[in-house]
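If you want the building blocks of each chain, they are given just below.
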Amino acid sequence: MYLKVEVDCPLLTTFDMRRLYYCDTSILRSSVLTDGLVLTMGLLQNVLFSPAVTEEQRNAAMHRITSDPGVPESSSATKPFWLEDASPISSIRSDSLQEEVDVVIIGSGITAASVARELLLKGNNETKLKIAVLDARDICSGATGRNGGHINEAGFDVYAQVAEVLGKDVAAKVTRFRLGHLPLLLGLAQEEQLADETQLRTVESVFAFFDRTRFQEAKEALALFKVDMPAESKDHQVFEAEEARKKFHLPDIYGAISYPAGAVWPYKLVAGVFSKLLESHAGGLWLESNAPVNEILPPENGKSQFTVTTPRGNIKATHVIHCTNAHAGHLIPGLRGHLIPLRGHMSAQAPGKSFPDQSNHSWSFIYTNGFDYLTQLLPNYPSSSPLCTGGELMMGGGFAQAVGGGIEDLGVATDGLPFNFHTKVHLSGILRAAFAEEIWGEEDGKAVKSMWTGNMGFTHDSLPFVGKLPSSLTGRDLEPKASGSEWIAAGFNGEGMVHAWRSGVALAQMLLEEIAPKKTYGWQEWFPDLLLVTEERIKRSLPLSQENA
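Predicted model, so just to flag it, every value in this text is computed and none were measured.

Before going further, it helps to examine the layout of surface pockets. In this structure, the second largest pocket spans a volume of roughly 310 Å³. In terms of lining, the second largest pocket is formed by 17 residues, of which the most central are Leu-179, Leu-182, Pro-183, Glu-232 and Pro-260. Of all the secondary structure elements, the ones that give two or more residues to the lining of the second largest pocket are helix 6 (168–179), helix 7 (181–191), helix 10 (230–233) and strand 8 (255–263). For the lining of the second largest pocket, the residue count by class is nine nonpolar, two polar and six charged.

This is the structure:
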């Protein structure tokens with residue numbers, strides 16, 4: 001069902017958009033957009049139909065959103081600070097591709113690592129699989145190698161939104177799914193002996209509010225969260241303006257909320273996991289860098305194997321798993337307009353001379369429009385790069401500060417230059433402006449050590465797509481008795497570190513159960529059904545296009 005609104009009212013909030021998506025018409029009396037627009041979700045809608053956006057900008061964004069996002073490019077890509085210490089497996093590849101495997105995973109970021117690890121560790125004699133991981137560029141050089149290094153789930157904001165629309169039981173399951181990533185990843189780093197190398201640790205995360213209204217709204221959401229989920233919210237604290245300014249050295253904030261979260265060097269985590277798997281599963285796992293997938297051909301002549309084509313040759317595979325996030329629409333045409341690329345900006349900056357070590361914190365700067373996110377690396381860590389001297393502030397965001405509130409980065413599926421000028425200016429100056437002058441101190445030389453861009457994949461309901469792909473989306477029809485399938489875990493809405501790993505685990509368990517139907521692995525107990533990719537869910541989100549608008 002699609003809803004059209006034909007009344008005059010202010011721009012819808014994210015809360016209103018989520019309610020409309022799930023066909024709650026009660027808000028039509030109070031919140032609407034402009035004439036005849038088919039409504040979509042949150043950020044996408046707010047940017048596309050902002051009064052600050054011109055018709056020319058909107059049309060250009062519409063075109064990008066519904067176009068083929070292509071494969072990631074190497075020649076124009078910016079270089080992330082995270083990749084300064086390149087792993088020995090960064091450009092790993094076989095002399096020739098395997099001719100035949102059980103599973104091809106496209107993409108080599110955190111989702112691919114999660115899927116591969118779960119398949120290999122949970123497989124037995126009946127489900128012992130041969131897996132090839134293909135990446136268009138170097139291993140983990142895409143979104144995971146470019147993100148903010150946060151494992152950050154506040155809980156209260158998501159819970160309040162979902163509870164309002166779908167009820168408290170569903171909201172609790174979604175929230176616990178997201179919150180479950182931090183303990184799981186902490187345990188993974190310990191188990192694989194990667195904690196020191198990856199700097200994966202628990203931090204005190206701070207929502208710092210530079211807007212009075214947004215602070216009040218957050219406090220109301222947190223109050224509900226504390227009543228309904230007391231165990232998960234027991235460490236959340238509210239700091240009013242005076243106390244918050246002194247405690248967090250941010251003289252212009254209206255208040256703060258703190259809670260436990262995590263921080264990590266994401267590239268080193270993924271590269272470390274893959275390296276361990278290559279050692280423990282030699283002959284069962286192949287990593288193939290610089291092997292872009294050009295096409296997937298469906299099984300023929302009653303067989304169950306797909307043909308995955310690359311410039312280096314073809315691979316036959318019974319199952320194909322898409323872990324390509326913003327680029328998923330390249331090989332899954334039915335997702336164009338449903339899984340929206342969005343380009344973000346990140347930077348690594350040297351702190352002022354007086355800035356104390358804050359590597360036990362992370363921050364979200366919440367403004368009237370938009371937000372930024374920040375972590376600090378440990379003061380001392382081994383590195384072969386002269387750029388990596390310790391204590392770097394990893395600062396990202398600035399999307400809403402760009403012209404048109406970010407419209408020029410909406411639908412952009414490249415991670416190259418040029419930077420968005422206004423975003424670059426914002427990120428380059430916000431730290432010195434936000435922190436107290438006596439805490440920041442003088443700057444020694446060039447403050448911004450590195451700046452880069454990266455792609456995110458957004459969905460209309462702000463939830464990932466996970467599970468078996470319907471052939472109506474891929475355009476590749478399967479014979480009724482075919483045992484092979486295509487799968488996806490993507491659309492993490494800029495929050496991959498609290499979506500991706502458990503989505504990958506759930507997907508792997510779904511696949512193992514399809515191979516051996518008599519076995520169960522338990523994903524149904526903790527995985528929210530809302531995240532499953534279904535034709536019904538896709539139909540609820542009419543793809544954004546110029547015609548629909």
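Now that the structure has been shown, the text picks up again.
In this section: the environment of Arg-93. Summarising the element assignment, Arg-93 is placed in the loop between helix 3 (55–65) and strand 3 (100–106). The spacing of Arg-93 and Ser-289 is 196 residues in sequence and 5.5 Å in space, taken between C-alpha atoms. Ignoring any residue separated from it by four or fewer positions in sequence, one finds Arg-93 in contact with Leu-287, Glu-288, Ser-289, Asn-290 and Arg-312.

What follows concerns the confidence of the model for the chain. In low-pLDDT regions, the fine details of the predicted coordinates are not to be read closely. Confidence in the prediction of the chain, expressed as mean pLDDT, is 90, and 90% of residues score 70 or more. Residue range residues 1–41 is modelled with pLDDT below 50. Its contacts to residues more than four positions away, or to other chains, number 103 contacts.

Our focus in this paragraph is the packing of helix 4 (residues 110–122) against helix 16 (residues 500–515). Helix-helix packing is described using two parameters, namely the angle between the two axes and the distance between the axes. Viewed as axis vectors pointing N to C, helix 4 and helix 16 meet at an angle of 40°, and their least axial separation amounts to 8 Å. Here helix 4 lies oblique to helix 16, going by the angle between them. As for the relative orientation of helix 4 and helix 16, their crossing is right-handed in sense. Residues Ile-110, Thr-111, Ala-113, Ser-114, Val-115, Arg-117, Glu-118, Leu-119 and Lys-122 of helix 4 lie in contact with helix 16, whose contacting residues are Ala-500, Trp-501, Gly-504, Val-505, Leu-507, Ala-508, Gln-509, Leu-511 and Leu-512. Looking at side-chain class alone, the contact of helix 4 with helix 16 contains 11 nonpolar, four polar and three charged residues.

Right, let's get into the pairing of strand 3. When you tally the buried positions in strand 3, you get five out of seven residues, the bulk of the element. In the sheet, strand 3 pairs with strand 12 (residues 313–322) via six bridges, with the strands oriented parallel. Looking at strand 12, one finds that Ile-105 is bridged to Ile-321. Sheet topology places strand 3 next to strand 4 (residues 131–134); four bridges connect them, and they run parallel. When the bridges of strand 4 are listed, Val-103 appears paired with Ile-131.

All of the buried residues in helix 7 are His-181, Leu-182, Leu-185, Leu-188 and Ala-189. Relative to the axis of helix 7, the buried residues are bounded by an arc of 125° and lie together on one face. Turned more than 90 degrees away from the buried face of helix 7, the exposed residues are Pro-183, Gln-190 and Glu-191.

Right, let's get into the packing of aromatic side chains. Taken as a whole and assessed by the stated rule, the structure comprises 21 aromatic pairs. Taking 5.4 Å as the distance between ring centres and 65° as the angle between the ring planes, the aromatic pair formed by Trp-82 and Trp-265 counts as edge-to-face. In this pair, Trp-82 is assigned in the loop between helix 3 and strand 3 and Trp-265 in the loop between strand 8 and helix 12 (266–280), connecting sequence segments 183 residues apart. Grouping residues by exposure puts Trp-82 and Trp-265 together as buried. Geometrically, the ring pair formed by Phe-239 and Phe-248 is edge-to-face, given 5.3 Å between the ring centres and 90° between the ring planes. Of the two residues, Phe-239 and Phe-248, both sit in the buried class. Cluster of aromatic residues (ring-pair linked, three or more members): Phe-210, Phe-355, Trp-363, Phe-365, Tyr-367, Phe-435 and Trp-440. Note that Lys-268 overlies the ring of Trp-265, its terminal NZ or CZ placed 4.1 Å from the centroid.

A separate point is the nonpolar core. Core analysis: the largest hydrophobic core is formed by 93 residues, its most contacted members being Phe-81, Ile-105, Leu-119, Ile-131, Phe-156, Phe-274 and Ile-321. Among the elements that take part in this core, helix 16 stands out by supplying nine residues, more than any other. The contact partners of Ile-131, leaving out residues within four places of it in the chain, are Val-103, Ile-105, Ala-116, Leu-119, Leu-120, Gly-284, Leu-285 and Trp-286. Membership of the second largest hydrophobic core comes to 26 residues, among which are Ala-208, Phe-248, Phe-355 and Ala-434.

Another point: the environment of Lys-128. Of note, Lys-128 is situated in the loop between helix 4 and strand 4. Taking relative accessible area as the criterion, Lys-128 reaches 68% and is therefore assigned exposed. For the pair Lys-128 and Asp-102, spaced 26 residues apart in sequence, the C-alpha to C-alpha distance is 9.1 Å.

Counted under the stated rule, the structure contains 22 salt bridges. Between Arg-176 and Glu-232 there is a salt bridge, with the nearest N and O atoms lying 2.8 Å from each other. With Arg-176 in helix 6 and Glu-232 in helix 10, this residue pair connects regions lying 56 residues apart in the sequence. A network of salt bridges, in which partner residues are shared, links Arg-117, Glu-191 and Glu-192.

With respect to the helices, strands and loops of the structure, Asn-152 is situated in the loop between strand 5 (150–151) and helix 5 (156–166). Relative accessible area serves as the criterion here: at 16%, Asn-152 is assigned to the buried category. One polar contact links Asn-152 to Ser-205, side chain to side chain, over a distance of 2.9 Å. A polar contact is formed between the side chain of Asn-152 and the side chain of Tyr-259, at a distance of 2.6 Å. Apart from residues lying up to four places away in sequence, Asn-152 is in contact with Ser-205, Tyr-259, Ala-261, Ser-362, Ser-364 and Val-498.

Basis of the calculations
Residues numbered from 1 in each chain as written. Predicted model: local features only at pLDDT ≥ 70, side-chain atom pairs only at ≥ 80, totals over all residues. Heavy atoms only, no water. 1 Å grid on protein atoms, 1.4 Å probe; cavity = no way out; pocket = protein on both sides within 12 Å on 5 of 7 lines; lining within 4 Å. Points joined across faces, edges and corners; volume = space filled by probe spheres on them. Helix = DSSP H or I, 4+ residues; strand = E, 2+ residues; numbered from the N terminus. Nonpolar A, V, L, I, M, F, W, Y, C, P; charged D, E, K, R; others polar. Contact = heavy atoms within 4.5 Å. pLDDT = per-residue confidence, 0-100. Axes fitted to C-alpha atoms, helices over the stretch in contact; angles between N-to-C directions. Parallel < 35°, antiparallel > 145°, perpendicular 65-115°, else oblique. Left-handed = near helix turned anticlockwise from the far one by under 90°. Buried < 20%, exposed > 50% of the residue type's maximum accessible area, 1.4 Å probe, protein only. Pairing = 2+ DSSP bridges. Arc of directions from axis to C-beta. Phe/Tyr/Trp six-rings, centres within 6.5 Å; stacked < 30°, edge-to-face > 60°. Lys NZ or Arg CZ within 6 Å of the ring centre and 35° of its normal. Core = buried A, V, L, I, M, F, W, Y, C linked by side-chain atoms within 4.5 Å. Salt bridge = Lys/Arg side-chain N within 4 Å of Asp/Glu carboxyl O. Polar contact = N/O pair within 3.5 Å; in protein donor to acceptor, adjacent residues only side chain to side chain.

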